[in-house]
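Commentary on secondary and tertiary structure
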Amino acid sequence: MAGAHKPKQPPTPVTKADVARALRNVAAMLEITGDNPFRIRAFENASAAIEDLSEDLHAMVESGELLEVRGIGKSIFADVKSMLETGTFDEYEKLRKKVPAGILEMLRVSGMGPKKVKAVYEKLDIKSVDELEQAGRDGKLAVLPGFGEKTQLNILNAIARYRKYAQRFLFSVAEDEANGILEAVRRVKGVKHSLIGGSLRRHRETIGDIDILATTDDADPVMDVFTSLPNVATVIAKGPTKSSVIMKSGIHVDLRVVKDDEFAAASHYFSGNKEHNTEVRARAKKLGYKLNEYGLFEGEHAVKIKDEEALFAKLGMDFIPPELRENAGEIEAAEEHALPKLIEVGDIRGTFHCHSTYSDGRSTLREMAEAAKALGLEYLGIADHSQTAVYAGGMDKAKVKKQLREIEELNQELAPFVLFKGVESDILLDGRLDYDDETLASFDHVVASVHGQFTGTEAQMTKRIVTAVSNPFTTMLGHPTGRVLLSRDGYPLNLTAVFEACAAHKVFIEINAHPYRLDLDWRHLRTAKDMGVHFVINPDAHHTSEIGYFRYGVGIARKGWLTKGDVFNTKSTDGVRAALRKPRS
DNA sequence: GCCGTTTTCGGCCCGACTGTTTTCAGTCG
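Residues numbered from 1 in each chain as written. Chains lettered and ligands numbered in written order. Predicted model: local features only at pLDDT ≥ 70, side-chain atom pairs only at ≥ 80, totals over all residues. Heavy atoms only, no water.

1. Observations concerning the sheet that holds strand β4 (residues 209-215)
The line we're drawing: Whether two strands pair depends on DSSP finding at least two bridges between them. Per the convention used, a helix needs a DSSP run of H or I reaching at least four residues, while a strand needs a run of E reaching at least two, with both numbered from the N terminus. Here, axes are lines fitted to C-alpha atoms. For helices the fit covers the stretch in contact, and angles between N-to-C directions go from 0 to 180 degrees. We call two residues in contact when some of their heavy atoms are within 4.5 Å.
Spatially, the 5 strands line up as an open sheet ordered β2-β4-β7-β6-β5, and their pairing is mixed. Strands with a single pairing partner mark the edges of an open sheet, and in this sheet they are β2 (194-196) and β5 (232-238). Here the average twist between neighbouring strands, direction ignored, is 20 degrees. One ladder, built from 5 bridges, connects strand β6 (residues 242-247) with strand β7 (residues 252-258); its direction is antiparallel. Counted as the bridge partner of Lys242 is Arg256 from β7. Contacts from helix α12 (residues 219-227) reach β5, β6 and β7, with the element oriented near 170 degrees to β7.

2. Concerning helix α21 (residues 495-504)
Basically, it comes down to this: For every residue, the accessible area obtained with a 1.4 Å probe (protein chains only) is divided by the maximum for its type, and the residue is called buried under 20%, exposed over 50%, and partly exposed between those limits. Each C-beta atom gives one direction from the helix axis, and the arc is the one those directions make. Definition of a polar contact: a pair of N or O atoms within 3.5 Å, with one able to donate and the other able to accept a hydrogen when the atoms are protein atoms, and with sequence-neighbouring residues admitted only if both atoms are side-chain atoms.
Taken residue by residue, α21 has Leu495, Val498, Phe499, Ala501 and Cys502 as its buried positions. Here the buried residues of α21 occupy an arc of 165 degrees about the axis, which is enough to place them on one side. For α21, exposure combined with an orientation more than 90 degrees from the buried face picks out Glu500 and Ala504. Of the surrounding secondary structure, the elements contacted by the buried residues of α21 are α20 (458-470), β17 (476-477), β18 (508-512) and α22 (525-530). The opening residue of α21 is Asn494, an N-cap whose side-chain oxygen sits 3.1 Å from the backbone nitrogen of Thr496. Immediately downstream of α21, the backbone of Lys506 shows phi near 50 degrees, a positive value.

3. Re the protein's contact with DNA strand B
Defined as follows: Near residues are defined by distance, with any heavy atom within 4 Å of the molecule or strand qualifying the residue.
The immediate surroundings of DNA strand B are formed by 49 residues, with Gly71, Gly111, Tyr269, Arg281 and Lys285 found nearest. Take Lys116: an N or O atom from its main chain is 2.7 Å from a phosphate oxygen of DNA strand B. Between DNA strand B and the protein, one listed contact pairs a phosphate oxygen with a side-chain N or O atom of Asn292 at 3.1 Å. Breaking the surface near DNA strand B down by element, the ones donating at least two residues are α2 (37-51), α4 (74-86), α7 (114-124), α9 (149-164), β5, β7, α14 (274-286) and β8 (290-292). Sort the elements by how many residues they give to the surface near DNA strand B and α2 lands first, with 5 residues.

4. Describing the nonpolar core
Heads up, the condition is: By nonpolar core we mean a set of buried residues, namely Ala, Val, Leu, Ile, Met, Phe, Trp, Tyr and Cys, connected to one another through side-chain atoms within 4.5 Å. Note that the domain bounds reflect an automated or database-derived domain assignment.
By size, the foremost hydrophobic cluster in this structure holds 94 residues, and its most contacted members are Val253, Leu255, Leu380, Ile465 and Ile537. By residue number, the principal contributor to this core is helix α10 (residues 171-187), which donates 7 residues. Both domains that furnish three or more residues to this core are identified here as domain 3 (169-258) and domain 5 (345-580). Leaving out residues up to four positions away in the same chain, Leu380 has contacts with Thr351, Cys354, Met368, Ala369, Ala372, Phe417, Val418, Leu419, Phe420 and Ile547. Judged by nonpolar contacts, the second largest core, of 51 residues, contains Ala22, Leu53, Leu141 and Ile159.

5. With respect to the packing of helix α1 (residues 16-33) against helix α5 (residues 90-98)
Inclusion rule: Should an angle lie under 35 degrees it is considered roughly parallel, over 145 roughly antiparallel, and from 65 to 115 roughly perpendicular; all remaining angles are considered oblique. Each crossing is labelled by how the near helix is turned from the far one, with a counterclockwise turn of less than a right angle marking it left-handed and a clockwise turn marking it right-handed. We call Asp, Glu, Lys and Arg charged. Ala, Val, Leu, Ile, Met, Phe, Trp, Tyr, Cys and Pro are nonpolar, and the rest, Gly among them, are polar.
Taken N-terminus to C-terminus, the directions of α1 and α5 make an angle of 45 degrees; their axes are 10 Å apart at the nearest point. One way to sum up the angle between α1 and α5 is to call them oblique. Taken as a pair, α1 and α5 cross one another with a handedness that is left-handed. Contacts from Ala22, Asn25, Val26, Met29, Leu30 and Thr33 of α1 reach α5 at Glu91, Tyr92, Leu95, Arg96 and Lys98. For the contact of α1 with α5, the class distribution of residues is 6 nonpolar, 2 polar and 3 charged.

Nothing here speaks to function; it is geometry throughout.
Here's what the structure looks like:
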């Protein structure tokens, strides 16, 4: 019966992101209809669980494996299955009839929660952000019960901010802003500890807002300094323990202030994602404690904790590095003493995939080499664009010869520092590389990358990349999915097939560390590693100032649970040289 | 709706700030 009204098979395959969005929308609509809060959370949790899956969703539903994922029970499993097969599910359709489409958008306006959205919808028939703005201008919001002049003004301001800054910020941009604020906070007399928390400390690839934590016995001066920083555009809230501002850049910043002996609990509290924190607090409760941002409590009395390490120990866990605090299995691993020893920036001894003035780089080979040396690196892999990349000044064969000669001369002069000879070869439409074998053989390494014609189907793009990876001259797969953060999704790809090919042909998968890319995504690293893939962290530098980007890639590698041994460019120069001399078949 | 050394029912994390309130609801993280 119900099936008769279901839409037909959707025209495009339903993706993981589609399912996660649908579940999140269900949660939002349930909030507005005033459903059981725990039921709402179940849908939110399920949405997050689906979003973080690294394996193929269709396969997991097919095999029933999805039921093993924490947060997915029988009911939501059925919803997901229905969504994959028909494009929707009953609960979703039922709610969509009750809650008009534009209403969910209003939830994204800061200060508009489910109750207020429901109130303006029911009392004023407001169904969109546009209508909400109009009502505010007409003074209609202020007269609603529970609303007032101030609330109306706040909503109008929040709409303006929502319009201007609906987007997120690159990690690198947010980090620079946060460091500036942190410095100012640290200079305030009486501040003992301070740190950048939140998603920045977890090294997320994009950042919604900045969280800063400071400890002092006298909060007022810190809050005064913070809320009157020259780059602050608006003060949203100011209290003795928490203040919020919007910077001129549009980034929202929270400052939390606690007492010095509360630092350990607070720094944990302000670093994990919501799910990690909820989970750890539940663990604490089970052990008879209460955990909040001020400490770990046994009844009324606070347990003395010196640092985060001691806090985890009290809860029967090893220290969980901040990057892992995403509730992705780290809590269980910490209890079983099974967390990996994560790679560190200092483990990196050189890096590859760097451009020079031979293609679209802005620094010469010599400048690049000297900058790498100054960073303490032992080697640098040059990989300028290949001849098809005309837009980027790609090298024809004559230019390649000239560059290789210049590199050899520089190596004589700069030894023991080494420039490795390489190229970033375009992967052509049929998967071939961009030079004849003789030219390819003259390089120490070949980074194979897709730079154009992204519009193929998943099957076509996968075949194209697998073909390139199977080429005996390919050493590394550059920016594997081609995404550009905040602007472009990657091309459709069967990553499982790509990982298989890379493992089989011993091709390194690049973690492109350029702050705009951070590709491969950290969510896939564990799966790839389990399939036997090794990685290389490359800055994709086009200027001397960009070589150091590899540290962003290390952050991503850490989020993906990688160790020093998983990453090629932690090897010494000799180790790298030996590995690059792989047999050409 | 999910989950289980609290195990198939009965729980489910915790606190700060604002604005509209005469004691607290709503929102946020």
